[in-house]
Amino acid sequence: MSQTTTRKEKDSMGTVQVPESAYWGAQTQRAREHFAIGEERFPPAFIHAYALVKRAAAEANGDLEELSLERAAWIASAAREVVEGDFDAHFPLRVWQTGSGTQTHMNLNEVIANRANELAGGARGEKAPVHPNDHVNRGQSTNDTFPTAMHVSAALRLREALFPALEAVLETLDRKADAHRSVVKIGRTHLQDATPLTLGQEIGGWAAQLRLARACVEAVQPALCELAVGGTAIGTGLNAHPRLGEEVARRLAEKTGIPFVSAANKFSALAGHEALAALSGALSTLAGSLIKIANDVRWLASGPRCGLGELRIPANEPGSSIMPGKVNPTQSEALIMVCLQVLGNHTTVSFAASQGNFELNVCKPVIAYNVLQSIELLADASRSFERHCLRGLGPDEQVLAGSVERSLMLVTALAPHVGYDEATRIAKKAHDENTTLREAALALGSISGEQFDTWVRPDEMLGPKAADRGI
């Protein structure tokens, strides 16, 4: 059996054997051994955002004369390569580690330092001319840079993944609402027949609901833009240049186009994670809206012959391993499961955000992991639902028309003319005798056929209408 070639690296606790090909160092290697828990790792988006913070810090420290311009340039260049994904394979640690995220932070420091030393003409493991703690981590702590990376990664993924996916869904819903604005269908409340509306109105309701949920997510963005960097270990900023936090935030804003600023109170930024808890809550609100839409589609498309059958959905794949020709609402079901996961993630984030003890919250990794997973899952599932379901969604107008014609709740149009009690008597007779409302009304002698035809017109029951004052 072949053995992996190793090199010796040192940390404050002694010497560690590290794989020769690895860019990580001693502390990361120890963490690989001590935190072999589960398989969950931070997504590349988090690592890239963290490296972006490291790059901004190196540039700021160079300008503030905390690092030589040469060292700052080597660190910034190495960090840029990490941002671009060139070193994704060198971040092997699991999420389940110390509550501040120190192991992943040192993983960043070590990879960037080793790569910077190569750029400087040195070799991995030498810690010269760039040291992972003294130089890459200059004026920084896990306790302020990790939450900074949490905010930066979340803000970036909202902009790059979730918001575009939601916009695509909304554009499709708007098109469908406009296309079907004149298609009359029966409404339902309590899962029972109600008065008519148009399919366009129903779909327009979905779009409005989704826009409100998106606005909840957008409302959290200003709090996400406040960054903890510059607070170092407990929020006092010890060992950091007084302007470091401000300079790092300014550079991050310039590089991303997102208006990041240095948090006014670093103690709060380290010990509490209200912004991320609020974001998670907003994502759970969005999940609830998407569940409603997905379920409506699923129920309205039920059948095709023994369910509601009012909507037709795309037949993307065989629906059953035993029933030939079956088509299932698979996109709705996938979206619902994603949303349930997001609701569960929010429960975890809510508890984790409460775990601030004195000057530090000690559940940062699980908050970061769950928030980013929620963003990515909602973005992916929304894109899939729009592409593979909503685009091909259409009405079965024959079924819709038949449901409207049979509905007893058209009797609501009679109430302003004959009164609630008489309208109820008509509806009850039609239901009990399985006749139409018109037949029941005429049999009771309540109104004439001409009056019924004038007053009960589904296409005129789609908006506000003044009551008959004669009652």
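Everything below is about the structure shown above.
It should be emphasised that the depicted structure is a prediction, and the values quoted were computed from it without experimental measurement.

### Here we look at the overall build of the protein
Piece 1. Along the backbone of the protein there are 18 helices and 10 strands.
Piece 2. Its C-alpha radius of gyration of 30 Å places the protein more than 25% over the 23 Å reference for a compact globule of 471 residues.
Piece 3. Dimensions along the principal axes, computed over C-alpha positions, put the protein at roughly 100 × 55 × 35 Å.
Piece 4. Looking at the protein as a whole, 51% of its 471 residues qualify as buried.
Piece 5. Taking contacts inside the protein between residues at least 6 apart in sequence as the whole, the part at least 24 apart equals 73%.
Piece 6. Split by element, the accessible area of the protein, about 21,900 Å² in all, is 52% carbon and sulfur.

### What to know about the environment of T412
Piece 1. As for its position among the elements, T412 is in the loop between α14 (397–406) and α15 (415–418).
Piece 2. The exposure class of T412 is partly exposed, given its relative accessible area of 38%.
Piece 3. At 2.9 Å, the side chain of T412 and the backbone oxygen of M409 are in polar contact.

### With respect to the nonpolar core
Piece 1. In this structure, F46, L279 and L378 are the most contacted members of the largest nonpolar core, which totals 113 residues.
Piece 2. Top element by residues in this core is helix α6 (residues 142–179). It accounts for 17 residues.
Piece 3. Ranked by size, the runner-up nonpolar core spans 15 residues in total, among them A413, A427, A430 and A441.

### With respect to the state of the cysteines
Note on terminology: disulfide describes a covalent bond linking the sulfur atoms of two cysteines.
Piece 1. In total, this model carries zero disulfides according to the counting rule given.
Piece 2. Between C225, a free cysteine, and C216, which holds the nearest cysteine sulfur, the sulfur-to-sulfur gap is 17 Å.
Piece 3. Cysteine C339 is unpaired, with the sulfur of C389 as its nearest cysteine sulfur at 13 Å.
Piece 4. Owing to a relative accessible area of 0%, C339 belongs among the buried residues under this scheme.

### Describing helix α17 (residues 437–444)
Piece 1. Turning to α17, its buried residues are L437, A440 and A441. Along the axis of α17, the buried positions cluster into a sector of 100°, meaning they face one direction only.
Piece 2. At its buried positions, α17 is contacted by α16 (420–433) and α18 (449–455).
Piece 3. One or two positions beyond α17, positive phi appears at G445, with a value near 75°.

### Here's the deal with the pattern of salt bridges
Piece 1. For the structure shown, the criterion picks out 36 salt bridges.
Piece 2. For R41, the salt bridge goes to E39, with nearest N and O atoms at 3.5 Å.
Piece 3. In this structure R41 comes out as partly exposed when scored by relative accessible area, which is 33%.
Piece 4. For R115, the salt bridge is made with E81, and the minimal N-O distance between the two is 2.6 Å. With a gap of 34 residues between them, R115 in helix α4 (residues 102–119) and E81 in helix α3 (residues 69–83) connect regions that are remote in the sequence.

### What about the packing of aromatic side chains?
We describe a pair of aromatic rings using the distance from one ring centre to the other and the angle between the two ring planes.
Piece 1. A full pass over the atoms with the stated rule returns six aromatic pairs.
Piece 2. Ring centres 4.8 Å apart and planes at 80° place the aromatic pair Y23 and F87 in the edge-to-face group. Here Y23, found in the loop between β2 (14–19) and α1 (26–34), pairs with F87, found in the loop between α3 and α4; they are 64 residues apart in sequence, far enough to count as distant. Note on accessibility: Y23 and F87 belong to one class, buried.
Piece 3. One residue, R124, lies across the ring of Y23, its end atom 4.0 Å from the ring centre.

### Overview of empty space enclosed by the protein
Piece 1. Here the structure, examined in full by the defined rule, presents three cavities of 30 Å³ or more.
Piece 2. Put simply, the largest cavity is a space of about 50 Å³.
Piece 3. Considering the residues around the largest cavity, the lining is formed by I313, P314, N316, N328, P329, T330, Q331, S332, H388 and C389.
Piece 4. A per-class count over the lining of the largest cavity returns four nonpolar, six polar and no charged.

### Quick look at the packing of helix α12 (residues 330–353) against helix α13 (residues 364–388)
Piece 1. In the contact formed by α12 and α13, the axes pass within 9 Å of each other and the chain directions differ by 165°. The pairing of α12 with α13 is recorded here as roughly antiparallel in orientation. Between α12 and α13 lies a crossing whose hand is left-handed.
Piece 2. Here the residues of the contact of α12 with α13 sort into 14 nonpolar, 11 polar and no charged.

### Some words on the pairing of strand β4 (residues 192–198)
Piece 1. With five bridges joining them, strand β3 (residues 184–189) and β4 adopt antiparallel strand pairing. Each residue of the ladder has a partner; that of I186, found in β4, is P196.
Piece 2. Hairpin geometry of β3 and β4 is characterised by an intervening segment of two residues between the two adjacent antiparallel strands and by a positive phi of about 60° at H190.

Thresholds, definitions, all that
- Residues numbered from 1 in each chain as written.
- Predicted model: local features only at pLDDT ≥ 70, side-chain atom pairs only at ≥ 80, totals over all residues.
- Heavy atoms only, no water.
- Helix = DSSP H or I, 4+ residues; strand = E, 2+ residues; numbered from the N terminus.
- Rg over C-alpha atoms; globule rule 2.2 N^0.38 Å.
- Buried < 20%, exposed > 50% of the residue type's maximum accessible area, 1.4 Å probe, protein only.
- Contact = heavy atoms within 4.5 Å.
- Areas by Shrake-Rupley, 256 points an atom, 1.4 Å probe, with all protein chains shown as cover.
- Polar contact = N/O pair within 3.5 Å; in protein donor to acceptor, adjacent residues only side chain to side chain.
- Core = buried A, V, L, I, M, F, W, Y, C linked by side-chain atoms within 4.5 Å.
- Disulfide = S-S within 2.5 Å.
- Arc of directions from axis to C-beta.
- Salt bridge = Lys/Arg side-chain N within 4 Å of Asp/Glu carboxyl O.
- Phe/Tyr/Trp six-rings, centres within 6.5 Å; stacked < 30°, edge-to-face > 60°.
- Lys NZ or Arg CZ within 6 Å of the ring centre and 35° of its normal.
- 1 Å grid on protein atoms, 1.4 Å probe; cavity = no way out; pocket = protein on both sides within 12 Å on 5 of 7 lines; lining within 4 Å.
- Points joined across faces, edges and corners; volume = space filled by probe spheres on them.
- Nonpolar A, V, L, I, M, F, W, Y, C, P; charged D, E, K, R; others polar.
- Axes fitted to C-alpha atoms, helices over the stretch in contact; angles between N-to-C directions.
- Parallel < 35°, antiparallel > 145°, perpendicular 65-115°, else oblique.
- Left-handed = near helix turned anticlockwise from the far one by under 90°.
- Pairing = 2+ DSSP bridges.

Read these as spatial facts, not as claims about activity.
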